[in-house]
Amino acid sequence: DVRKLAFPADTLTTISVGFSTARAYCAGFSNSGTAGYAGGGYLAPGYTTNVDKWLYSNDSRTSLGTGLDIGTSYIAGFGNRGVAGYLFGGFDGVSGSTEITVIIEQWTFASDTHSTLSTELSIKGYELNGMADSGVAGYRIGGYNNVTYLTTVDKLAFPGNTISTLGTGLSE
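Residues numbered from 1 in each chain as written. Predicted model: local features only at pLDDT ≥ 70, side-chain atom pairs only at ≥ 80, totals over all residues. Heavy atoms only, no water.

### A closer look at empty space enclosed by the protein
Argument step 1. Per the stated rule, a full pass over the model turns up two cavities of 30 Å³ or more.
Argument step 2. Each pocket or cavity is described by its volume, and for the largest cavity that value is around 90 Å³.
Argument step 3. In terms of lining, the largest cavity is formed by Leu 68, Asp 69, Ile 70, Thr 72, Ile 75, Leu 87, Phe 88, Gly 89, Asp 92, Thr 101, Ile 103 and Glu 105.
Argument step 4. Each residue belonging to the lining of the largest cavity can be placed in one class, and the counts come to six nonpolar, three polar and three charged.
Argument step 5. Lining the second largest cavity we find Phe 78, Phe 88, Ile 104, Leu 121, Gly 138, Tyr 139, Arg 140, Asp 154, Lys 155, Leu 156 and Ile 163. (1 Å grid on protein atoms, 1.4 Å probe; cavity = no way out; pocket = protein on both sides within 12 Å on 5 of 7 lines; lining within 4 Å. Points joined across faces, edges and corners; volume = space filled by probe spheres on them. Nonpolar A, V, L, I, M, F, W, Y, C, P; charged D, E, K, R; others polar.)

Below, the structure is given as structure tokens:
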């Protein structure tokens, strides 16, 4: 199901159009005021590449023609209002195994076209968090890499999509 929390009354409803395929461990991003997107995730027995889009004006859903390059789950995302949305990190199902990725993928909102950035995250991780200050930067925060919980914070600067790692990360 897809649930809608309407502001400012904070009323919760289930919209009539759900995911194109059932899945768990996906991530989303928003083009504020226009549409919300959800991509990737796990659908037994594997990972999905699907990216779905819901228009806020009428709660309708379409599936984008180009999804993730590789099926990925436990990913994170953020959006840069009016420009692009991003999904990054997580597990991918390369060669039938589970690998942790540093890949950042982008969808341009004007055309919903997809590209994979040459810029990568500073460290492999999954169960990440993402947030953005539209027009300024998006942030990849924390996560896990099968060895340790991550305290690093990566900053993807808009425009230009250049990445840096903040000197002060998360406290443990």
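### What about the pattern of salt bridges?
Argument step 1. In this structure the tally under the stated criterion is four salt bridges.
Argument step 2. Among the ionic pairs, Arg 23 bridges to Asp 52, the shortest N-O distance being 2.9 Å. Separated by 29 residues along the polypeptide, Arg 23 in the loop between β2 (11-14) and β3 (27-31) and Asp 52 in strand β7 (residues 51-55) bring together distant segments of the chain.
Argument step 3. We note a salt bridge from Arg 140 to Asp 154, for which the minimum N-O separation is 3.4 Å. Highlighted residues: Arg 140 in strand β17 (residues 137-141) and Asp 154 in strand β18 (residues 153-157), separated in sequence by 14 residues.
Argument step 4. Among the residues examined, Arg 140 registers a relative accessible area of 2% and is labelled buried.
Argument step 5. In this structure Asp 154 comes out as buried when scored by relative accessible area, which is 1%. (Salt bridge = Lys/Arg side-chain N within 4 Å of Asp/Glu carboxyl O. Helix = DSSP H or I, 4+ residues; strand = E, 2+ residues; numbered from the N terminus. Buried < 20%, exposed > 50% of the residue type's maximum accessible area, 1.4 Å probe, protein only.)

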